[in-house]
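Architecture at a glance
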Amino acid sequence: MQLRVYNTLTRKKEELIPIKPGQVSMYTCGPTVYKLATIGNLRAYVFMDELRRVLEYDGMKVKSVMNITDVGHLVSDGDDGEDKMEKSAHETGKTPLEIAATITAQFMSDIDALNIKRPTVCPKATDNIPEMIEVVKALLDKGYAYETEDGIYFSVEKFPEYGKLSGVNLEEQRHGARVEVNSFKRHPIDFALWKKAAPNHLQQWDSPWGRSFPGWHIECTAMGVKYLGERFDIHTGGVDHIPIHHENEIAQGECWLGHRIVNYWMHNEFLLVDGGKMSKSLGNNYLLSDLQAKGYAPVIFRYFCLNVQYRQKINFTWDAMDAAMTAYGKLCAQLIAHKNSPVKTDKAVLDDFTKKFEDAINDDLNVPLAIGMLWTMLKLPKSRDIYDLALKFDKVFALDFDKVKEEKVEIEVPDDVVALAEERLVARKAKNWAESDRLRNEIAERGYAIKDTATGYEITKK
Ligand code: AMP
Ligand code: ZN
């Protein structure tokens with residue numbers, strides 16, 4: 001079955017027909033590396049990875065590009081406020097370069113932990129300044145942009161199709177625009193391609209317009225075309241990027257080259273926490289490390305994400321994580337039982353499940369349906385063939401089915417340490433994290449380390 005995807009641009013599901021048969025080129029807006037990625041951000045990259053894995057399962061060769069935004073993303077997502085990197089530098093006393101290096105390393109480690117395949121190329125914005133300058137120069141030459149006292153702006157009125165991605169027309173945007181703080185712009189929704197830097201601005205480069213730095217939107221256009229060519233297949237990102245960032249990418253990119261660049265725009269919905277937006281003030285901007293500290297392995301978070309289709313909102317709660325952990329543990333137990341059975345399964349039955357799996361994933365990545373189908377398959381009489389087929393499906397799920405093994409205490413552990421571990425399991429189930437931490441320390445004092453697993457715990461000698 002041919003993969004069908006929902007294209008934000010056309011607002012319908014379409015067959016994905018790559019420009020070059022057998023090869024797919026995809027671009028993903030990467031992290032802005034001024035602060036650690038939240039589990040919300042990570043959902044966007046689990047989606048990117050699922051898309052790539054489905055394409056590869058279907059036999060496509062995928063070239064995937066994800067940029068690293070290490071300059072130019074302003075606090076407002078538009079043209080107002082400080083550069084996020086600059087702000088973080090002032091707050092921490094570190095240089096933007098130091099911050100970007102630390103955060104990028106942590107981000108890469110998070111995506112590795114989540115079994116997200118590393119994109120083919122992860123270009124940094126700061127390594128592509130000359131390419132961005134070329135695009136801005138071309139837009140000025142063609143009359144789509146104008147220079148002001150504080151930067152170079154794209155003239156939205158020169159692109160009548162502006163708004164085609166989000167479906168909001170120029171007039172509506174004009175009325176909806178906030179009272180403009182930037183008096184240099186000719187039209188309130190014109191956007192910055194390039195910003196002139198104040199002398200004390202930390203990140204700045206020589207350009208035809210003096211010392212300055214790029215706008216966020218131009219980065220993705222320049223890097224997308226540099227690494228994937230003037231026309232490529234897919235562009236992904238979170239839904240928050242549709243109305244500003246991606247609308248601007250389309251406008252500047254199509255005016256620059258005179259044609260459409262991206263064929264399929266795909267966007268993931270948000271991850272919510274306790275039904276609402278993640279926010280610093282609510283203290284619920286959770287990181288992957290927060291989950292790990294509470295004993296949830298990254299694969300549990302991946303399993304949690306996979307149970308909701310990428311275009312639906314997903315609601316994170318600790319109870320939902322517990323449910324995911326329990327379900328994943330049961331799934332692993334089933335897989336082990338199948339793995340250890342010498343019985344054979346009828347080929348027609350296996351083919352039927354394969355077809356159902358492929359139909360689900362190719363229907364705009366209906367991974368939750370594919371997982372439901374896997375559960376049904378695991379209820380069949382135990383058979384190694386079923387385990388082998390589940391392993392094949394795991395090329396798409398990436399839930400470590402090849403690593404499942406019976407979790408058992410393999411060393412001689414004194415009874416009192418086991419008793420403490422059991423007590424800790426009870427505390428964890430009651431979400432009494434303080435007690436759980438206290439018991440972990442007590443176990444450590446007796447010379448043992450305890451690790452939480454999908455089905456309970458593992459004790460090792462320190
Ligand atoms: P940023 O680092 O802010 O540019 O965001 C990185 C990616 O995460 C973008 O694709 C965003 O659209 C996406 N994103 C941000 N917050 C969430 C969220 N709560 N749920 C899902 N995706 C998100
Ligand atoms: Zn982008």
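Details of the coordination of the zinc ion (ligand 2)
- Ligation of the zinc ion (ligand 2) by protein atoms is provided by C29 (SG), C220 (SG) and H245 (NE2), these donors lying 2.0 to 2.2 Å from the ion.
- On the primary sequence, the residues serving as donors to the zinc ion (ligand 2) are separated as C-x190-C-x24-H. Taken together, the positions of C220 in helix 6 (residues 216-228) and H245 in helix 7 (residues 242-257) put the pair 25 residues apart, joining distant regions of the chain.
- Among the residues examined, H245 registers a relative accessible area of 1% and is labelled buried.

Description of the side chain of T236
- Among the secondary structure elements, T236 is positioned in strand 9 (residues 232-238).
- The class of T236 is buried, set by a relative accessible area of 0%.
- Dropping the residues within four chain positions of it, T236 is found in contact with Y27, T28, C29, F47, L51, H246 and M266.

Describing the site of ligand 1
- Taken together, 16 residues surround ligand 1, and among them T32, G40, G238, D240 and L271 come closest.
- N41 is positioned with one of its side-chain polar atoms (N or O) 3.2 Å from an oxygen atom of ligand 1.
- Within the side chain of N268, a nitrogen or oxygen atom sits 3.3 Å from a nitrogen atom of ligand 1.
- In the complex, 90% of the free accessible area of ligand 1, which totals 490 Å², lies under the protein chains.
- Every element with two or more residues in the shell around ligand 1 is listed here: helix 1 (39-57) and strand 9.
- When residues in the shell around ligand 1 are grouped by element, the largest group, four residues, is from helix 1.

Analysis parameters
- Within each chain, residues carry numbers counting from 1 in the order of the written sequence.
- Written order determines the labels here, with chains lettered from A and ligands numbered from 1.
- Residues qualify for local features only when their pLDDT is at least 70, as the model is predicted, and side-chain atom pairs are given and counted only at 80 or more; totals for whole chains, interfaces and linings, by contrast, use all residues.
- Calculation of side-chain values draws on the structure's entire complement of heavy atoms; hydrogens and water are dropped beforehand.
- Only nitrogen, oxygen and sulfur atoms count as donors, using a 2.8 Å cut-off from the metal that widens to 3.2 Å for Na, K and Ca. Water is left out, so coordination shells may look unfilled.
- The way it works is that DSSP assigns letters per residue, a run of H or I at least four long becomes a helix, a run of E at least two long becomes a strand, and they are numbered from the N terminus.
- The cut-offs for exposure are 20% and 50% of the maximum accessible area for each residue type, with area from a 1.4 Å probe on protein chains only; residues under the lower value are buried, those over the upper are exposed, and the others partly exposed.
- Two residues form a contact once any of their heavy atoms are found within 4.5 Å.
- Definition of nearness: a residue and a molecule or strand are near each other if at least one heavy atom of the residue lies within 4 Å of the molecule or strand.
- Definition of a polar contact: a pair of N or O atoms within 3.5 Å, with one able to donate and the other able to accept a hydrogen when the atoms are protein atoms, and with sequence-neighbouring residues admitted only if both atoms are side-chain atoms.
- Every accessible area reported is derived by Shrake-Rupley at a probe size of 1.4 Å, with residue values counting cover from the shown protein chains alone.

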